[in-house]
Amino acid sequence: MTDQEIVQGLINRDDRITHEFFFVRCRPLIISIIKYVFSYPVDYDEFVNELYIHLVANDCKKLREFQFRSSLFVWIKVVAIRYFIRKRDHVIDINNGMPPYNKTIKDEDTVDTEAASNARMDLERLFLSMRNERYVFVIRKLVIEDVQPEFLAKYMGVTVANLYNIKRRAISALSEVALKERNYGKV
């Protein structure tokens, strides 16, 4: 398959070409880009999803800008590195100064039971065992603080659908950590 056929297939949203390109042909390249740009683990599928959204946004504007003066792989490498270096502070960083969620506290809410306190400490310990800080951030915001998904997605620069994918993977990762701790003692 030529670069022109791949680009046209991506523009046409051809599932076979898209999967072949991102998950077979570009896999080693994308793994090296992830290692170059990020100093912590980043989910491959999430990375590809965000890159694909960037490439096809605005009627595939970015893909249509490719002029075939280099190979498609070189072009993808440059585009991805530039995009994720710009985005990593807005998408991945959890220490970003986002204002905390304001919840009105009632008097009956201030009574802290020992069980609730223990549960919070257990959850924090599990969070510390998770490798992906972004997953912890999403669970905190969506599940614990009950932040609106639309607000969080906009803040993170992702679609709501992508945010739900991140949440699903985050809950799965949290479950794995909890099961490991349960089966093998402390993680």
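Predicted model, so just to flag it, every value in this text is computed and none were measured.

J.: Looking at this structure, I do not really get the confidence of the model for the protein. What am I missing?
T.: When pLDDT drops low, the exact placement of atoms in the prediction is not to be read closely. Of the residues in the protein, 82% have a pLDDT of 70 or more, and the chain-wide mean is 80. In this model residues 91–111 is a low-confidence stretch, pLDDT under 50, and it forms 24 contacts with partners more than four residues away in sequence or in other chains.

J.: Looking at this structure, I do not really get the packing of aromatic side chains. What am I missing?
T.: Within a pair of aromatic rings, the relevant descriptors are the distance that separates the centres and the angle that separates the planes. On inspection of all chains with the given rule, the structure shows eleven aromatic pairs. A centroid spacing of 5.8 Å and a plane angle of 35° characterise the contact between phenylalanine 21 and phenylalanine 73, whose relative ring orientation is tilted. Taken together, the residues phenylalanine 21 in helix α2 (residues 15–25) and phenylalanine 73 in helix α5 (residues 72–91) connect sequence positions 52 residues apart. On the accessibility criterion, phenylalanine 21 (0% relative accessible area) is buried. Residue classification places phenylalanine 73 among the partly exposed positions, given a relative accessible area of 30%. Judged by centre distance (5.7 Å) and plane angle (65°), the ring pair of phenylalanine 23 and tyrosine 44 falls under edge-to-face. Of the two residues, phenylalanine 23 sits in helix α2 while tyrosine 44 sits in helix α4 (residues 44–65), which places them 21 residues apart along the sequence. Residue class for phenylalanine 23 comes out partly exposed when judged on its relative accessible area of 27%. Feature note: the residues Phe21, Phe22, Tyr52 and Phe73 constitute an aromatic cluster, connected by ring pairs. Sitting above the plane of the tyrosine 44 ring, arginine 27 keeps its charged end 4.1 Å from the centroid.

Basis of the calculations
- Residues numbered from 1 in each chain as written.
- Predicted model: local features only at pLDDT ≥ 70, side-chain atom pairs only at ≥ 80, totals over all residues.
- Heavy atoms only, no water.
- pLDDT = per-residue confidence, 0-100.
- Contact = heavy atoms within 4.5 Å.
- Phe/Tyr/Trp six-rings, centres within 6.5 Å; stacked < 30°, edge-to-face > 60°.
- Helix = DSSP H or I, 4+ residues; strand = E, 2+ residues; numbered from the N terminus.
- Buried < 20%, exposed > 50% of the residue type's maximum accessible area, 1.4 Å probe, protein only.
- Lys NZ or Arg CZ within 6 Å of the ring centre and 35° of its normal.

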